[in-house]
Every structure is written in structure tokens, then in C-alpha cells.
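Descriptive structure summary
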Amino acid sequence: MSLPGFLQMGRFSVFIWAAYGFAGLMVFLNIVQPLIQNRRVWERLRRNRDDDEEEMHEEAE
Amino acid sequence: MGKFSRLACVTRLIKLIHKYGAPKRFYELAGTLTPWFASLTTLLFVSGLYLGLYWAPPDYQQGNAYRIMFVHVPNAWMSMMAYVAMALFAATGYIWNVRLADILAKATAPLGASFTLTALVTGSLWGKPMWGTYWVWDARLTSELVLFFLYVGYMALQASIDDPRRAAHASAILAIVGVVNVPIIHYSVYWWHTLHQPASLTLTSQPKIYITMLIPLIIMSLGFMFFYLTMLCVRTRSEILWRERRTDWVRKLVESRS
């Protein structure tokens, strides 16, 4: 990418950058939100497993 | 193709659906496909942005403002495609009680809603310099807004019912009924005289866009399609894990990762 060409992009109107910025934000949120959800699911699954193990120990005692 | 070979194809397709329709099998398949889809999405987005923002020449009438098309049009297409996919998944789950189809429909809704919102916002940001206004109650814009409300309604209905089976059945009806809006969006520019221009790309005629503008548009559209597939896999995998938490394979998986 040449410097004059790159600088030409700086002259794009605010509407173009706003549109690309919004689309980028939505892509970002669409990536981050499921990853957080996935992490929460794993945490809950691990907690459930620990609870089950505790119950089994209590029953054994 | 003979009658028997057609029958063999259908039988094979049904076998494939049954094979990969099992949540465990799909979980593994989606895990394998996700990195490939993600890499392809990144490659397509990077090349599409380079071609769209730098390589493609300015338009003789719209100047550089037309470049909004490279994010607006793919999102508008994906908003409709995702809705049709969601309705098909929902119908499959409703009719044949396929659990995976319910999960896929649920995972598609937030993605489709975000595509629709992006299409609406980028469209109004394109409308301001071109039409002089951010919004008009034009048939295309209004029907696209209705699509957004359908997605939101579907997600609200899913969230309001605790039992996943009942939630899937209730929201499937909304998804199936709402699919009537998709042809309305598509044909709105032909049925009514609207401010929104008719389609520049159709399957049956020559494209009305110059090739240097068409290539980035196609690349960005493929990028958003693979982005949808990537995130669909990610969302479906975590939903499968939670719904199948009482099964042996998930217990073993949790133990192996602890």
C-alpha cells in the first residue's frame, strides 16, 4: 500500500468511518459475547461436577 | 438420474443428517471446522477491506461514500439468509423433534439480529450523504426494521420460557410465520416505488456494478458468510454442552479438562 493511497483513505468522510466502525464493533461483540458465554458454561459445568462429587462423598460418609 | 439413484441420494442424505444430527457428533465436527472457518473469515475480511477501501476506485457519482456498500450489502444479505436458515432449523426442530436444529435456530437469532442492525445503521449512514436523511419510512427500510423486531421477538420468547423444548416450539412458530417478511424485503423495491434503489446484483442478469467494485463486494459477502458459520459453530458448541450436561460424554469431557 503506497503512502499517497493510504493518506487518501484519511480523506474519507466521517460517514464511511462511522459505518465501518459500527460494523467492526458488531463483529467484535459477536466474537466476544459467545466466548464469555462459553467460559461461563465451562465454569458452571465444573462447579456442577464439584457439587456432584461433594454429594457423593457425603452419601458415602 | 434414475429413480433408484435419486432414492439412494435421499437415503444417504438422511443417514448423514442422523449421523451429524447427534449433538455429540456435531460438537466434535463444529470443533474441527471452527478454526478453518475462522481463518477463512480473517483472510476474506482482510483482503475484502484492502480491496474495498483502497483498491476499488471512487464512484463517478457517489465519490467514496459508496464504499459503505462493502459492509452494508453483505450484512443486508446475511440478515435475510440467517432468518431463512433460522426458520428452516426451527421448522426441522418443530416437525421432527431434532434437538440440534433447535439449538442451531437459537444460535442463529443473535447473529441474524446483529447483521440486521448493522445493515440498518450502515444503510442510514449511507443515506445521509446520498439522500440527505438518515431514515425514511420506505418499504425496504421498514420491512428490514420489521425483520430486526422479529429477531428480537424470537430471542425474547426463547428467554421467557425456562423449558428449552417448550421455548423452541413456541419460538419456532414465530420464526416460521415471520419468514413471510423475507420475500417482502427482497421484492419491496419492485412492488413499491421506493427511495431505496433496486438490486444491482441478481442471479438472472448481468451485474450493474463495475468489476473492480464487484470483487470486493463478493469477497466481503463471503467473509460475512464464513463469519456467520464460525460464530454459529462457537455458539452451538456451548449450547450443546449446557443442554447435554447430564450425559456421560459431557461429564467425561469436563473431567478430562479439569
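What this report covers is the structure whose coordinates are included nearby. In this numbering scheme, every chain counts its residues from 1 along its sequence in written order. Labels follow written order: the first chain is A, the first ligand is 1, and so on. Local features in this predicted model are restricted to residues whose pLDDT is 70 or higher, and side-chain atom pairs enter the listing and the counts only when it is 80 or higher, whereas totals over whole chains, interfaces and linings include all residues. As a rule here, side-chain values cover all heavy atoms of the structure and leave hydrogens and water aside.

1. Thoughts on the overall build of chain A
Comment: elements are numbered from the N terminus, with helices defined as DSSP H or I runs of at least four residues and strands as E runs of at least two. On a plain count of helices and strands, chain A comes out with two helices and zero strands. Here, Shrake-Rupley sampling with a 1.4 Å probe gives the accessible areas, and only protein chains in the shown set may cover a residue. When the accessible surface of chain A is totalled, it reaches about 4,500 Å², and 58% of it is carbon and sulfur.

2. Describing the overall build of chain B
Looking only at helices and strands, chain B features nine helices and zero strands. Helices and strands in chain B line up, N terminus first, as α-α-α-α-α-α-α-α-α. Across its three principal axes, chain B shows a C-alpha extent of roughly 60 × 50 × 35 Å. Three labels apply to residues, based on accessible area from a 1.4 Å probe with only protein chains included: buried if under 20% of the type maximum, exposed if over 50%, partly exposed otherwise in between. The proportion of buried residues among the 258 residues of chain B is 47%. A contact between two residues is defined here by any heavy atoms of the two lying within 4.5 Å. For chain B, contacts bridging at least 24 residues in sequence account for 73% of all contacts bridging at least 6. As presented, chain B carries roughly 13,500 Å² of accessible surface, and 68% of it is formed by carbon and sulfur atoms. Under the convention used here, Asp and Glu are negative, Lys and Arg are positive, and both His and the chain ends fall outside the count. To locate a charge, take atom NZ for lysine, CZ for arginine, CG for aspartate or CD for glutamate. The average position of the 23 basic charges and that of the 11 acidic charges among the side chains of chain B differ by 7 Å.

3. Some words on empty space enclosed by the protein
Each cavity reported here is a set of points on a 1 Å grid over the protein atoms alone in which a 1.4 Å probe fits but cannot get out, each pocket an open set with protein on both sides within 12 Å along at least five of seven lines, and each lining residue one with an atom within 4 Å of a point. Grid points are joined across faces, edges and corners, and a volume is the space filled by probe spheres set on the points. Going through the model one piece at a time under the given rule, you end up with one cavity of 30 Å³ or more. Empty space within the largest cavity amounts to approximately 50 Å³. Around the largest cavity, the lining residues are Ala-23, Met-26, Val-27 and Asn-30 of chain A together with Asn-75, Ser-114, Phe-115, Thr-118, Phe-224 and Phe-227 of chain B. Among the secondary structure elements, those contributing two or more residues to the lining of the largest cavity are helix H2 (14-60) of chain A together with helix H4 (99-131) and helix H8 (211-243) of chain B. Sorting elements by how many residues they give to the lining of the largest cavity places H2 of chain A first, with four residues. Polar here means any residue other than Ala, Val, Leu, Ile, Met, Phe, Trp, Tyr, Cys and Pro, which are nonpolar, and Asp, Glu, Lys and Arg, which are charged; Gly is therefore polar. Looking at side-chain class alone, the lining of the largest cavity contains six nonpolar, four polar and no charged residues.

4. What about the side chain of Arg-237 of chain B?
All names here are of chain B. Mapped onto the fold, Arg-237 is located in helix H8. Within this document, salt bridges are pairs made up of a side-chain nitrogen of Lys or Arg and a carboxyl oxygen of Asp or Glu, the two lying within 4 Å of each other. No salt bridge is formed by the buried Arg-237; its nearest oppositely charged neighbour, Glu-28, is found at 8.4 Å. Among residues more than four places away in sequence, those in contact with Arg-237 are Tyr-27, Ala-30 and Gly-31.

5. Brief notes about the side chain of Thr-236 of chain B
If you trace the backbone, Thr-236 of chain B turns up in helix H8. Those residues in contact with Thr-236 of chain B that sit more than four places away from it in its chain are Phe-26, Leu-100, Ile-103, Leu-104 and Ala-107 of chain B.

6. Looking at a negative patch on the surface
Residues Asp-51, Glu-54, Glu-55, Glu-58, Glu-59 and Glu-61 of chain A make up a contiguous surface patch of negative charge. With respect to the helices, strands and loops of the structure, Glu-59 of chain A is situated in helix H2. Patch construction takes residues with relative accessible area above 30% that form no salt bridge. Like charges are linked within 9 Å, and nonpolar side chains (Val, Leu, Ile, Met, Phe, Trp, Tyr) are linked within 5 Å.

7. A word on the packing of helix H3 (residues 69-96) of chain B against helix H5 (residues 139-160) of chain B
Residues and elements named next belong to chain B. Only the stretch in contact is used when fitting a helix axis, every axis being a line fitted to C-alpha atoms; angles between N-to-C directions are given from 0 to 180 degrees. The interhelical angle for the contact between H3 and H5, taken along N-to-C directions, is 40°, at an axis separation of 11 Å. Comparing their axes, H5 and H3 come out oblique. Read as a crossing pair, H3 and H5 show a hand that is left-handed. The segment H3 lies against H5, with Ala-76, Ser-79, Met-80, Ala-82, Tyr-83 and Met-86 engaging Glu-144, Leu-147, Leu-150, Tyr-151 and Tyr-154. A per-class count over the contact of H3 with H5 returns nine nonpolar, one polar and one charged. Every angle not falling under 35 degrees, over 145, or within 65 to 115 is termed oblique; those three ranges are roughly parallel, roughly antiparallel and roughly perpendicular. Crossings are classed by handedness, with left-handed meaning an anticlockwise turn of the near helix from the far one by less than a right angle and right-handed meaning a clockwise turn.

8. Brief notes about the interface of chain A and chain B
Quoted interface sizes are often the accessible area lost when the parts come together. Counting from both sides, the interface comprises 32 residues of chain A and, opposite them, 41 residues of chain B. Here the quantity called buried area is the total loss of accessible area, with a 1.4 Å probe, experienced by two parts when brought into contact, counted for both. The largest share of the area that chain A buries against chain B comes from Phe-15, Tyr-20 and Trp-42 of chain A, three residues that together contribute 22% of it. Listed by contribution, the elements that provide at least two residues to the side of chain A that touches chain B are helix H1 (3-9) and H2 of chain A. Considering every element that reaches the side of chain A that touches chain B, the biggest residue donor is H2 of chain A, with 25 residues. Per-class residue counts for the side of chain A that touches chain B are 20 nonpolar, eight polar and four charged.

9. Details of the packing of aromatic side chains
Within 6.5 Å between ring centres, the rings of Phe, Tyr and Trp (the latter by its six-membered ring) count as paired, and their orientation is classed by plane angle as stacked under 30 degrees, edge-to-face over 60, tilted in between. For the structure on display, the rule yields 15 aromatic pairs over all chains. Seen in terms of ring centroids, Tyr-83 of chain B and Tyr-151 of chain B are 5.3 Å apart; in terms of plane orientation they differ by 70°. Their pairing is edge-to-face. Within this pair, whereas Tyr-83 of chain B is found in helix H3, its partner Tyr-151 of chain B is found in helix H5, the two being separated by 68 residues in sequence. Here Tyr-83 of chain B falls in the buried class, since its relative accessible area comes to 0%. Its relative accessible area of 0% is what places Tyr-151 of chain B among the buried residues. Here Phe-115 of chain B and Phe-224 of chain B contribute two aromatic rings whose centre-to-centre distance is 6.3 Å and whose plane-to-plane angle is 80°, an arrangement assigned as edge-to-face. Remark: Phe-224 of chain B occurs in helix H8 and Phe-115 of chain B occurs in helix H4; sequence separation between them is 109 residues. Each member of the pair, Phe-115 of chain B as well as Phe-224 of chain B, is classed as buried. Each member of the aromatic cluster is reached from another via a ring pair, and the members are Phe-45, Phe-115, Phe-224, Phe-227 and Tyr-228 of chain B. Only when the NZ atom of a Lys or the CZ atom of an Arg is both within 6 Å of the ring centre and within 35 degrees of the ring normal do we say a charge sits over the ring. Cation over ring: Arg-44 of chain A sits above Trp-242 of chain B, and NZ or CZ is 4.0 Å from the ring centre. The side chain of Arg-237 of chain B reaches across the aromatic face of Tyr-27 of chain B, ending 4.0 Å from its centre.

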